[in-house]
Amino acid sequence: MNNTAKRNIVILTGAGISKESGLSTFRDADGIWATVRIEDVATPEAFARDPDGVHEFYNARRGRLAAGGIEPNAGHAALARLEQEWPGDVLVVTQNIDNLHERAGSNNLYHMHGALLKVRCEACVNVVEWPDNLGRGDTCAACGTTGQLRPHVVWFGEMPFWMDDIHQALEACGLFISIGTSGNVYPASGFVEHARFAAGAHTVELNLEPSEGATLFAEAHYGPATEVVPAYVDKILRDGW
Ligand code: APR
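From a predicted model like this one, the values you see are computed outputs, not experimental measurements. (Residues numbered from 1 in each chain as written. Predicted model: local features only at pLDDT ≥ 70, side-chain atom pairs only at ≥ 80, totals over all residues. Heavy atoms only, no water.)

(A) Spatial organisation of helix α9 (residues 225-239). Counted at 1.5 Å a residue, the expected span for α9 with its 15 residues is 21 Å, and the 20 Å between its end C-alpha atoms agrees. Every buried residue belonging to α9 is among A225, V228, V229, P230, Y232, V233 and I236, and all of these are buried. Of the surrounding secondary structure, the elements contacted by the buried residues of α9 are β1 (9-13), α1 (16-19), α5 (74-85), β7 (175-179), β8 (202-207) and β9 (219-222). (Helix = DSSP H or I, 4+ residues; strand = E, 2+ residues; numbered from the N terminus. Expected span 1.5 Å × (residues − 1). Buried < 20%, exposed > 50% of the residue type's maximum accessible area, 1.4 Å probe, protein only. Contact = heavy atoms within 4.5 Å.)

(B) A look at the site of the ligand. Lining the immediate environment of the ligand, one finds 23 residues, of which A15, F26, R27, T181 and S182 sit closest. A15 places a main-chain nitrogen or oxygen 2.8 Å from an oxygen atom of the ligand. One of the backbone nitrogen or oxygen atoms of L208 is found 3.2 Å away from a nitrogen atom of the ligand. For the shell around the ligand, a count of residues per class yields eight nonpolar, 10 polar and five charged. (Near = heavy atom within 4 Å. Polar contact = N/O pair within 3.5 Å; in protein donor to acceptor, adjacent residues only side chain to side chain. Nonpolar A, V, L, I, M, F, W, Y, C, P; charged D, E, K, R; others polar.)

(C) Highlighting the pairing of β8. Burial analysis of β8 places six of its six residues in the buried class, the great majority of the element. Residues H202, V204 and L206 point to one face of β8 and T203, E205 and N207 to the other, with burial holding for every one of them. Here β7 runs beside β8; their pairing, made up of five bridges, is parallel. Counterpart to I179 in the pairing with β8 is L206. (Pairing = 2+ DSSP bridges.)

(D) Structural detail: the packing of aromatic side chains. Tallied over the full model, the rule gives eight aromatic pairs. Ring geometry for Y58 against W155: centres 6.3 Å apart, planes inclined by 45 degrees, an arrangement best described as tilted. Taken together, the residues Y58 in helix α4 (residues 51-66) and W155 in the loop between β6 (149-153) and α7 (163-170) connect sequence positions 97 residues apart. Relative to W241, the ring of W86 lies with its centre 5.3 Å away and its plane at 35 degrees, an arrangement referred to as tilted. Linking W86 in the loop between α5 and β2 (90-94) with W241 in the segment after α9, this pair joins segments that are 155 residues apart in sequence. Note on W86: relative accessible area 9%, which makes it buried. W241 sits in the buried class, given a relative accessible area of 12%. Each member of the aromatic cluster is reached from another via a ring pair, and the members are F26, W33, F47, F57, Y58 and W155. Taking the ring centre of W86 as reference, the NZ or CZ of R7 above it sits at 5.9 Å. (Phe/Tyr/Trp six-rings, centres within 6.5 Å; stacked < 30°, edge-to-face > 60°. Lys NZ or Arg CZ within 6 Å of the ring centre and 35° of its normal.)

Printed below as a string of structure tokens:
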């Protein structure tokens with residue numbers, strides 16, 4: 001029995017959906033981790049040891065995204081169209097910290113790894129939009145503390161955001177789609193099994209090439225996100241799954 005009766009759709013996205021917008025992935029040959037070590041820029045220990053170095057890493061990425069010229073692509077637009085036109089719930093859970101899904105029109109969206117254009121105060125936990133450079137000399141507008149602002153980004157060893165809500169959505173979906181992610185990082189890479197075994201959902205991988213978890217999916221279409229995502233959204237809207 002297919003699960004069209006369960007009309008909710010959960011979509012996980014990773015860096016691959018933003019690649020054709022001009023943003024780097026992490027583990028491709030030209031990816032971010034090919035030139036910078038995770039241990040140096042993406043852990044709480046790195047931030048404690050070298051705050052200026054970590055700020056410099058995120059300032060460069062934030063500046064590029066805030067400067068303009070990085071636009072949502074046809075993959076992001078197709079997911080926003082699906083949310084508009086599909087009669088059930090469509091939830092996008094992104095591992096990405098860019099703002100391309102919201103700029104494409106996706107409203108039902110969780111940034112489970114945080115957001116590059118936001119900063120959080122370690123003293124009062126206030127989160128604000130922050131498109132500029134961030135450094136140790138900056139002051140929190142909410143509590144007045146200086147030097148306690150950090151990127152509102154989930155580092156390795158930290159708990160992603162929205163996990164309870166995400167698990168509830170996975171347990172109530174009929175279709176789980178994974179797009180542009182290598183399936184290397186938990187808990188996101190475990191979502192396909194959760195949807196499959198807790199909800200009996202149909203599972204689909206849309207990626208440039210088979211991911212680490214490719215064999216866990218019931219269906220797969222490989223190619224650039226700007227091609228395979230719009231094509232699959234057209235298919236769902238026409239025929240369901
Ligand atoms: N279209 C579709 N998929 C693509 C494209 C493209 N144009 N280009 C690359 N890909 C695929 C790659 O084949 C790869 O499987 O996107 C995936 C990117 O994988 P990663 O670089 O590992 O990125 P991601 O899976 O998002 O990483 C997850 O790891 O480093 C942490 O916090 C970081 O959120 C990130 C998490």
